[in-house]
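Observations on the model geometry
Given next are the chains, with one letter for each unit.
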Amino acid sequence: MEKSDTLRILLAEDEEAMRAYLARALENAGYDVVAVDRGTAALPFLEQEHFDLLLSDIVMPEMDGIELAQRCNEISPQTKVMFITGFAAVTLKASREQPQAKVLSKPFHLRDLVLEVERVFEDRVHASL
């Protein structure tokens, strides 16, 4: 049973254990999550479905998270973007190229991830008031 007010997250993370871990945490927090293993797999979802948030690893094969975010901005400009990465240098590049996107550095606690996601949606709720 899907409620229309359930926020939808598209998760792109190439590391399987991390992907399962993040998806489970977000689902437990009440989000509807679609998880894919690479940026190229995320594109068809962005084109065919509505997502409130793209949560993407930055370093992935085929298409990195920054390129995916740029494509997301074109396909679905209302979708917010948040990056996860374990690389400090990549964080700087992401901040330059996608200044409106939040970057969460690994390792992080699931609680922190859920809080950051809630914060992204809080901003959206306040903007619509």
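Refer to the structure printed above.
Every chain is numbered independently, its residues counted from 1 as its sequence is written. Local features are withheld for residues below a pLDDT of 70 in this predicted model, meaning they are given only at 70 or higher, and side-chain atom pairs are given and counted only at 80 or more; totals for whole chains, interfaces and linings count all residues. Computation of side-chain values: all heavy atoms of the structure, hydrogens and water removed.

1. As for the pattern of salt bridges
Within this document, salt bridges are pairs made up of a side-chain nitrogen of Lys or Arg and a carboxyl oxygen of Asp or Glu, the two lying within 4 Å of each other. A full pass over the atoms with the stated rule returns 10 salt bridges. Taking the shortest distance from any N to any O, the salt bridge between D32 and R8 comes out at 2.9 Å. Of the two residues, D32 sits in strand β2 (residues 32–36) while R8 sits in strand β1 (residues 8–12), which places them 24 residues apart along the sequence. By relative accessible area, which is 18% here, D32 ends up buried. Partly exposed describes any residue whose relative accessible area lies between the buried limit of under 20% and the exposed limit of over 50%, with all areas from a 1.4 Å probe on protein chains only and scaled to the type maximum. Given a relative accessible area of 16%, R8 falls into the buried group. The partner of R71 in a salt bridge is E74, with the nearest N and O atoms 3.9 Å apart. Of this pair, R71 and E74 both sit in helix α3 (residues 65–75), separated by 3 residues, roughly a single helical turn. Residue classification places R71 among the partly exposed residues on the basis of a relative accessible area of 29%. Take E74: its relative accessible area is 60%, and that puts it in the exposed class. Where salt bridges share partners, they join R8, D32 and E49 into one cluster. For the purposes of this entry, the term helix denotes a DSSP run of H or I that reaches at least four residues, the term strand denotes a run of E that reaches at least two, and both are numbered from the N terminus.

2. Considering unusual backbone geometry
Along the chain, K106 connects to P107 via a cis peptide bond; the corresponding omega equals -5°. Summarising the element assignment, P107 is placed in the loop between β5 (102–105) and α5 (110–128). Unlike most non-glycine residues, E62 shows phi in positive territory, near 70°. Relative to the helices and strands, E62 resides in the loop between β3 (53–57) and α3.

3. Side note on the packing of aromatic side chains
The rule is short: rings of Phe, Tyr and Trp, with Trp giving its six-membered ring, pair when the centres are within 6.5 Å, and they are stacked under 30 degrees, edge-to-face over 60, tilted in between. Summed over all chains, the structure comprises 1 aromatic pair. Seen in terms of ring centroids, Y31 and F121 are 5.6 Å apart; in terms of plane orientation they differ by 40°. Their pairing is tilted. Placement of the pair is Y31 in the loop between α1 (16–28) and β2 and F121 in helix α5, with a sequence separation of 90 residues. Of the two residues examined, Y31 and F121, each falls in the buried class. One Lys or Arg, R8, reaches over the ring of F51 and ends 4.5 Å from the middle of that ring. Only Lys NZ and Arg CZ are tested; either one counts as a charge over a ring when it is within 6 Å of the ring centre and within 35 degrees of the ring normal.

4. Here's the deal with the packing of helix α2 (residues 39–48) against α3
For the pair α2 and α3, interaxial distance at closest approach is 10 Å and the crossing angle is 10°. Looking at the two axes, α2 sits roughly parallel to α3. Contacts between α2 and α3 involve G39, A42, L43, L46 and E47 on the former and, on the latter, L68, R71, C72 and I75. In this classification, the charged set is Asp, Glu, Lys and Arg, the nonpolar set is Ala, Val, Leu, Ile, Met, Phe, Trp, Tyr, Cys and Pro, and all remaining amino acids, among them Gly, are polar. A per-class count over the contact of α2 with α3 returns 6 nonpolar, 1 polar and 2 charged. Axis definition: a line fit to C-alpha positions, over the contact stretch in the case of helices; interaxial angles, taken between N-to-C directions, run 0 to 180 degrees. By definition in this entry, angles of less than 35 degrees are roughly parallel, angles greater than 145 are roughly antiparallel, angles of 65 to 115 are roughly perpendicular, and the rest are oblique. By the convention used here, residues are in contact when the closest approach between their heavy atoms is within 4.5 Å.

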